[in-house]
Structures are given as structure tokens and as C-alpha cells.
Amino acid sequence: METRPEGIGQVADWMAYEEFVFPTGGIGGPFPLGQDPDRVIDITMFIATQNFAFSDFDTGVKFEADRHGTTYSDTEAMFARVMDALDAGIPLLDGAYLADISRRDLEDIFHGNIEMPMLDERVKILHDVGATLTENYDGKFHRFVRDCQPAMYADGDGLMERLIGEFPRFDDMSVHRGHQVRLYKLAQLALWALHIALRGHGWQVSDIDRMTAFADYIVPVALRRMGILGYTDELEADINAGVPLLRDSEEEIEIRAHTLYATALLTDAINELRPPSLQLIIPQVDYRLWKAFHATFWPHHLTQTIMY
């Protein structure tokens, strides 16, 4: 596969003139999280542990759920179910509860049009995360976040470094032809969400400009449809036919790596056309692409993984 410079130039020529309002509200999107910073952190980090694999691997059908008369898809559908559970008094933000949650309990919480994909893996993640939170942070993610330096990297004490080190579910690393490829989709997305949600509370990630795109299923679709990513005929045919790509296969790693590369180049090309006061960072461009395509019916690659 390839990243096409001509496609980047063509998209930047029109996307540069769009309005990019800095997102507000964090990962909550259509679901207000309230004004308590600790609760915002706890919800955001819980969502980050579960924010992966929303399409059935056999049928390609996306997970959907209703909340207050509106149908949501993908991540937003999962978020709707989390908010329903919190409204019902289920202690999803407590490490002790997570460390002992049953499959049946999580299945009930995540009810929707299909069974939530990779439900067994989700239960194991919550058991592991809950145990770490209970043992080290009084069961709360906000205690972990406040124990770290408010930066991605800070000589080992940054949020990114410690999140990956203390919670293995965030250690999103693959090996491609003998080289380690570190993608960190969920860890970065969690910190981006916290940065947005807590700016009004005097907290932010100090080195947010070091963040890449969030290599997932959806952004590659946007880049492909916009003519920026080019797939081989064989890869295109497999994706369109719903043939799963194995985790850590060359094709899977390269789709994600090209996503990071292409979004970085696209952000640079857009910024060349924008005045200094309207410069963008990569996560803003990532969100622009994801939001436009996350509910699309166009096929995306399928890989059975907990990392995105």
C-alpha cells in the first residue's frame, strides 16, 4: 500500500479552509459528563479501556444502541450504554466492581443490536484494570492521573509512559520486519479526551503537539475514499469481502502506520495554507476524518484486537 502525496495536496486544498473549532466536552461527544473533574477523568478512562472493536467479525454489522430516542453507532453507542449504566447506579467507575465484573453483567450493560464484539476480552481487561486501580489508586482512575505529570512524556513519569507501563491493555505495539512499531491508539485518545475535557479546569497535556493520529478502523477509510491511501488490488478485495486481517500481519500494521504518516503529512499541508493563528494539530484533523466516516457503510478492514 502507499500514501499518495498528490492526494494529500488535493485534500489540503479544500480542507484547509474549513472551520476547525477546537473540540469541547472531551470524549463525551453528545453525552455531557458534568463539571466534576474527577468524574470526568474516571468516565473518560473507563471508556478508553473499552473503546475498540465495534463491528461483528463475521457479518461486519456495527454495534448500535439507543439513548433517549436517538440511535448511536460505534464508539458513541458504547458510550450511550455506559451513561445508561451510570444513570442506573451501576458502579462502573469503581475498581473493585470492575475487578469482579461478570460476563453476564457486562453483556447486560452493553446490550444493543448485536452482542458487543469481543465481550470475553472486555471482561478480562476490566478485571486487570480494576485490580490495578484497587491495589494502587483506591480504585479510581483520577487518582492515577493526578499521580502522573500532566504530559505525555516526562522522563518516565508522564501519563503516556505510565499508562502503558502500569496498564498493559494500552501497550499498543507491533513488530514489523524486525522493528517495533508503537501506535498507542487508545492511550493517546484517552489523553486527548482528558486534554479537551479538563482545559476549563486548568489542566491540560503540556506536550499535546507530540500526539499522532489514532490509528483505528475508520480513519483509514476516510483517507482511502479521499484518495490519500492506496491499497493493492488484493488488499482492497479482501477488505471489501470482509476477510479479516490478522493482528500484527504486515497488511494490518501498514494500514495503521500509513494512517499516522498520512495524517501527519495532511496536517502539515493544511497548516501551510492556514494563517499562524489558525494552525492545527494532528488530533484535530483525525477527528475531522473520523466524525465524517465513523458511521459509513463503506467496508473497513477487520482485525480481532483489543487495541482499537
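That block above? That's the structure.
Residues numbered from 1 in each chain as written. Predicted model: local features only at pLDDT ≥ 70, side-chain atom pairs only at ≥ 80, totals over all residues. Heavy atoms only, no water.

Draft legend 1. Geometry of unusual backbone geometry. With phi around 55°, Met118 is a residue other than glycine that occupies positive phi space. Structurally, the position occupied by Met118 is in the loop between helix 5 (103-109) and helix 6 (119-136). One non-glycine residue, Arg177, lies in positive phi territory at about 50°. Looking at the secondary structure, you find Arg177 in the loop between strand 4 (173-176) and strand 5 (179-182). On the basis of relative accessibility, which here comes to 61%, the residue Arg177 falls in the exposed class. (Helix = DSSP H or I, 4+ residues; strand = E, 2+ residues; numbered from the N terminus. Buried < 20%, exposed > 50% of the residue type's maximum accessible area, 1.4 Å probe, protein only.)

Draft legend 2. Focus on the side chain of His195. Mapping His195 onto the fold places it in helix 9 (residues 185-198). Residue classification places His195 among the buried positions, given a relative accessible area of 4%. Excluding residues within four positions of it along the chain, His195 makes contact with Phe22, Trp203, Gln204, Val205 and Ile208. (Contact = heavy atoms within 4.5 Å.)

Draft legend 3. View of helix 8 (residues 159-166). Among the residues of helix 8, those classed as buried are Leu159, Met160, Arg162, Leu163 and Ile164. As for helix 8, its buried residues are in contact with helix 2 (37-50), helix 7 (141-147) and helix 9.

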